[in-house]
Amino acid sequence: MIPRTLRLPPEFLYPADEWAIVEQEFSEAWLGNAETIFSLSNGFLGIRGTHEEGRPALEPASFVNGFHETWPILHAEQAYGFARTGQTIVNVPDVTLMKLYVDDEPLHLPLARITEYERRLDLRSGVLRRDLNWSTAGGKQVRVRSSRLVSFVHRHVGAIELEIEVDTDAPVVVSSQMLNRQDARPLDERNGNGHGNGNDPRRAGSFGQRVLNAEEHVEDDLRLVTGYRTSRSRIPLGVGIDHSMDTDNAWRAQRSWSEDLGKVVFTVDARAGVPIRITKYFAFHTSRTSSPIEVVDRAGRSLDRTVSDGYPHLEEVQRDWLADAWSRADVEVDGPVRVQQAVRWNIFQLLQASARAESSGIPAKGLTGQSYEGHYFWDTEIYVTPFLTYTEPRITRNLLHFRHSMLDRARERAAEMSEQGAMFPWRTINGEEASSYYAAGTAQYHIDADIAYAIKRYVDVRGDVDLLCEVGAEILVETARMWAGLGFIGPRSGQFHIHGVTGPDEYTTVVNDNVFTNLMARRNLRHAAEVVDWMRDERPAEFRRLVHDTALDEAEPVAWRRAADAMHVPFDEERGIHPQDANFLEKKVWDFAATPRDHLPLLLHYHPLVIYRHQVLKQADVVLAMVLLGDEFSREQKRRNFDYYDPLTTGDSSLSACVQSILAAEIGYEEKAVEYFDYALLMDLADVAGNVVDGVHIASAGGVWMALTYGFGGLRDFDGNLTFEPRLPSGWNALRFGLRFRDRQLRVEIEHRRATLSIEEGMPLSVEVWGQAVDLVEGTPVTVHPAG
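Keep in mind it's a predicted model, so treat the numbers as computed, not measured.

**A short note on the overall build of the chain**
Right, on to step 1. Counting its regular elements, the chain contains 19 helices and 32 strands.
Right, on to step 2. For a compact globule of 788 residues, the expected C-alpha radius of gyration is about 28 Å, and the chain comes in at 27 Å, within 12% of that figure.
Right, on to step 3. Taking the principal axes of its C-alpha atoms as reference, the chain extends roughly 90 × 60 × 60 Å.
Right, on to step 4. For the chain, the residues scored as buried account for 64% of the 788 residues in total.
Right, on to step 5. A separation threshold of at least 6 residues defines the contact pool for the chain, and within that pool the share at least 24 residues apart is 67%.
Right, on to step 6. A total of about 27,900 Å² of accessible surface is found on the chain, and carbon and sulfur atoms cover 47% of it.

**Considering the packing of aromatic side chains**
Right, on to step 1. Enumeration according to the criterion identifies 23 aromatic pairs in this entry.
Right, on to step 2. With a centroid separation of 5.0 Å and 90° between ring planes, the pair formed by Trp19 and Trp326 is classed as edge-to-face. Here Trp19 is found in the segment before strand S1 (20–23), whereas its partner Trp326 is found in helix H4 (residues 311–329), with 307 residues between them in sequence. Neither residue differs from the other here; Trp19 and Trp326 are each classed as buried.
Right, on to step 3. Relative to Trp732, the ring of Phe712 has its centre 5.2 Å away and its plane inclined at 70°; by these criteria the two rings are edge-to-face. A residue pair is termed long-range when its members are at least 10 positions apart, and Phe712 in helix H19 (residues 698–712) and Trp732 in the loop between strand S26 (723–724) and strand S27 (734–741) qualify at 20 residues. Comparing Phe712 with Trp732, the two get one shared label, buried.
Right, on to step 4. An aromatic cluster is built from Tyr372, Phe377, Trp378, Tyr383, Trp426 and Phe516, whose rings are joined through pairwise contacts.

**Remarks on empty space enclosed by the protein**
Right, on to step 1. Across all of its chains, the model carries five cavities of 30 Å³ or more by this definition.
Right, on to step 2. As a volume, the second largest cavity reaches approximately 90 Å³.
Right, on to step 3. Lining the second largest cavity we find Tyr453, Lys456, Arg457, Asp460, Arg523, Leu628, Asp717, Phe718 and Asp719.
Right, on to step 4. With four residues, the top contributor of residues to the lining of the second largest cavity is helix H9 (residues 446–462).
Right, on to step 5. Class assignment for the residues of the lining of the second largest cavity results in three nonpolar, no polar and six charged.

**Digging into the pairing of strand S17 (residues 250–257)**
Right, on to step 1. Two elements, S17 and strand S18 (residues 261–270), share eight bridges in a ladder whose sense is antiparallel. Bridging across to S18, Arg255 finds its partner in Val264.
Right, on to step 2. Hairpin connection from S17 to S18: three residues lie between these consecutive antiparallel strands.

**Re helix H3 (residues 292–309)**
Right, on to step 1. With 18 residues, H3 extends 26 Å from end C-alpha to end C-alpha; this agrees with the ideal 26 Å at 1.5 Å per step.
Right, on to step 2. Within the span of H3, buried status applies to Pro292, Val295, Val296, Ala299, Gly300, Ser302, Leu303 and Thr306. Along H3, the residues classed as buried sweep out an arc of 165° about the axis, all on the same side. Pointing more than 90 degrees away from the buried face of H3 are the exposed residues Arg301 and Ser308.
Right, on to step 3. Just downstream of H3 lies Gly310, where phi reads positive at about 90°.

**Examining the pairing of strand S10 (residues 127–135)**
Right, on to step 1. In terms of residue burial, S10 counts as a mostly covered element, since seven of its nine residues are buried.
Right, on to step 2. Pairing of strand S9 (residues 113–122) with S10, which is carried by nine bridges, proceeds in the antiparallel orientation. For Arg113, the partnering residue across the bridge sits in S10 and is Ser135.
Right, on to step 3. With eight bridges joining them, S10 and strand S11 (residues 141–150) adopt antiparallel strand pairing. Its bridge partner being in S11, Leu128 is matched across the sheet by Arg148.
Right, on to step 4. Where S10 folds back on S11, the antiparallel hairpin that results is connected by five residues, among which Gly139 adopts a positive phi of roughly 95°.

**Quick look at unusual backbone geometry**
Right, on to step 1. Residue Arg55 is joined to Pro56 through a cis peptide bond whose omega torsion reads 0°.
Right, on to step 2. Inspection of the secondary structure assignment puts Pro56 in the loop between strand S3 (45–47) and strand S4 (62–64).
Right, on to step 3. At the junction of Leu600 and Pro601, the peptide bond is cis and its omega measures out at -5° in the coordinates.
Right, on to step 4. Tracing the backbone shows Pro601 in the loop between strand S23 (588–589) and helix H14 (608–612).
Right, on to step 5. Positive phi values are uncommon outside glycine, yet Tyr372 reaches one of about 60°.
Right, on to step 6. Among the secondary structure elements, Tyr372 is positioned in the loop between helix H5 (337–354) and helix H6 (379–391).
Right, on to step 7. Positive phi, close to 50°, is recorded for Trp770, a residue that is not glycine.
Right, on to step 8. Take Trp770: it is sitting in the loop between strand S30 (765–769) and strand S31 (772–776).

**Focus: the packing of H5 against H19**
Right, on to step 1. The N-to-C vectors of H5 and H19 enclose an angle of 125°; their axes lie 9 Å apart at closest approach. As the angle between them shows, H5 and H19 are arranged oblique. Note on packing geometry: the crossing formed by H5 with H19 is left-handed. Counting all contacts with H5, which are made through Val343, Asn346, Gln349, Leu350 and Ala353, the residues of H19 involved are Ile698, Ala701, Gly702, Val704 and Leu708.

**Quick word on the environment of Val317**
Right, on to step 1. Of note, Val317 is situated in helix H4.
Right, on to step 2. Separated by 165 residues in sequence, Val317 and Phe152 place their C-alpha atoms 8.5 Å apart.

**Let's talk about the pattern of salt bridges**
Right, on to step 1. Scanning all chains against the criterion turns up 66 salt bridges.
Right, on to step 2. Asp242 is the salt-bridge partner of Arg223, the closest N and O atoms lying 2.9 Å from each other. Taken together, the positions of Arg223 in strand S15 (residues 223–230) and Asp242 in strand S16 (residues 236–247) put the pair 19 residues apart, joining distant regions of the chain. In this structure, Arg223 and Asp242 share a single accessibility class: buried.
Right, on to step 3. Between Arg754 and Glu751 there is a salt bridge, and its shortest N-O distance comes to 3.1 Å.
Right, on to step 4. Look at Glu751 and you get partly exposed, because its relative accessible area is 25%.

**Some points on the sheet that holds S27**
Right, on to step 1. Strand order across the open sheet formed by five strands is S20-S27-S28-S29-S32, with antiparallel pairing between neighbours. The sheet terminates laterally at strand S20 (331–334) and strand S32 (782–784), the two strands that pair on one side only. The sheet shows a mean angle of 20° between the axes of neighbouring strands, direction not considered.
Right, on to step 2. With eight bridges joining them, S27 and strand S28 (residues 744–751) adopt antiparallel strand pairing. Each bridged residue has a counterpart across the sheet, and for Leu739 the counterpart in S28 is Leu746.

**So, helix H18 (residues 670–681)**
Right, on to step 1. The end-to-end C-alpha distance of H18 is 16 Å, a good match for the 16 Å that twelve residues give at a rise of 1.5 Å each.
Right, on to step 2. Among all positions of H18, only Ala673, Tyr676, Phe677, Tyr679, Ala680 and Leu681 are buried.

Reading the values: the criteria
Residues numbered from 1 in each chain as written. Predicted model: local features only at pLDDT ≥ 70, side-chain atom pairs only at ≥ 80, totals over all residues. Heavy atoms only, no water. Helix = DSSP H or I, 4+ residues; strand = E, 2+ residues; numbered from the N terminus. Rg over C-alpha atoms; globule rule 2.2 N^0.38 Å. Buried < 20%, exposed > 50% of the residue type's maximum accessible area, 1.4 Å probe, protein only. Contact = heavy atoms within 4.5 Å. Areas by Shrake-Rupley, 256 points an atom, 1.4 Å probe, with all protein chains shown as cover. Phe/Tyr/Trp six-rings, centres within 6.5 Å; stacked < 30°, edge-to-face > 60°. 1 Å grid on protein atoms, 1.4 Å probe; cavity = no way out; pocket = protein on both sides within 12 Å on 5 of 7 lines; lining within 4 Å. Points joined across faces, edges and corners; volume = space filled by probe spheres on them. Nonpolar A, V, L, I, M, F, W, Y, C, P; charged D, E, K, R; others polar. Pairing = 2+ DSSP bridges. Expected span 1.5 Å × (residues − 1). Arc of directions from axis to C-beta. Axes fitted to C-alpha atoms, helices over the stretch in contact; angles between N-to-C directions. Parallel < 35°, antiparallel > 145°, perpendicular 65-115°, else oblique. Left-handed = near helix turned anticlockwise from the far one by under 90°. Salt bridge = Lys/Arg side-chain N within 4 Å of Asp/Glu carboxyl O.

Right under this line is the structure:
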């Protein structure tokens, strides 16, 4: 991996704190980064960490998961089967705006004299607080405090509490707004033109037309609720704000509304030392099967309940929810405080991205940015569900049900691609393929096997075989059919080959016999056959329904096993490595020494054909296969493969460092394991990829948890058998984490040359630690030392 610069903010901006990210000084230079780092989300609703004043702001945005607009994909040259309709998550109306004026002078942070300042994201309360003292040009001292949250408990709502106090009598105005930034912003501020490389394919593009159309509106007292509908996708959105005022000062309020801007303006005759507290509540609702008036009604009911409960109640239940979640999700690192801080921030991002994603997927950036159009990728199944399966298995179950909801469209896509079964889209929001560049999109057939892999891991770890009967088996059947039809038995080799695919490495596209794809397909085929046999024997009623719903023929599982047994897995005997694909080793190795550092990532500086002609990797491919399917490789193969591919991997993808860390730890390369872990850990906090302004790298955050538990903790769970081979870095004293496994809550503590495991709740369990069988019972910790 090419070394990257870790651009940590100065210590006075983000000091070390185990349970918080604290900004001690306003900085325009770090403004865009901070908007991402201080984002709040619950998996349904997300708002970026902009200031209440609304400016300055680099990428101000709010998102509702799955709420998107469609647009026609214009190909320079059309071809049959190309994706035709793009989907982009919409920047929904901004409800965070609470503009402050004292003596008619606006609070504008870049120009204001700020004598005290702190902004704190508390990871235990899920609340973003800001506390500052503003010395106005007229000499008045104004204390401004705000608290902001997006509720984990109440999926559709959030709130901001703003408190103002002046040291001298003064007129104070607060303009609380609801702004449709998607349509009201000047063109040069929209999607992708605000900063950075306009040719970056990872960023969202503009729609070129109006997106949100107001069809309903309700207002009363201090409340405004608007019902919108998108122009093309025709999805309704209800968004509303309401307020409460608490002050002994004289005040009055005035409402105004237009399609793009609603306001409730508070005018206060502020007296010295008499606080003003304005609480702003907001609610968002959407439903593809409802009308704007219905989602307006829903938003109104959410506001009724939230205002009645009050802001203190929102904070109280938020803290309780997080206390429960952290009891399972926390990973304690007894080492540098900054490592612990960054670990918890990454885990917090996973909770924010997934907690209430109950009828949707998890976008690549969560709900912290519009990059990657808000699409769902394989990231969820491979990088995020391991964390969720071991900490919040209910969410993994919901995500797999959501994938199943796309099955009919996946069947249609398979037919369009002249394949059997189902082909899940590489990138999507609504189930249709939205990847316009097929070579690095549609050709990544491995997403079928990735979903199947997540099903198997969830069932193995959770023991929830009912999931198979509900949705899992149907997905497994249709994905196995796809592989059986896509591949073929070579007339000379007698082996099963899969041609014309792209593996995880997007710098090597449309190849034959990609090792990762073939191995994952083999696992998919075998598991599908096993599940069909199990259902026939153990769940005959559900099996009959499966046969009816999929028209399953009894000969199909036999054919799947035959294909799996004959699967070709390329191996180079001379080098003792697995070629990434059939022809990878025939290519010229990329000249890294002659590549300027400012030409990274390569995809922004070289034509794809230039990259495709070389041995160079955007992201770990064979290395990832050795992590996911480690039981299919010998230790020596892992070492040789790692040694070969590590120098070829650019790190241009945020999905690589965590995987490289895991395998480096396994084969005993501690220095590299820690180096790659640091890259993954600080992917966003240190802006490793240079694009943190676009949002959090959620998959990398999931990879951090994997690197801690699978890498340094040595956890493996092949076929539901828990084994541990811990490898604690020499710079740490201990590593502690919890695992939810088959209705048991396990606690694992790793120290140098010792590991202590216990069951905090649940039935006895047998595991393996450093090759030694260990029997665990509730309440009795067991300490194990490595042999020798």
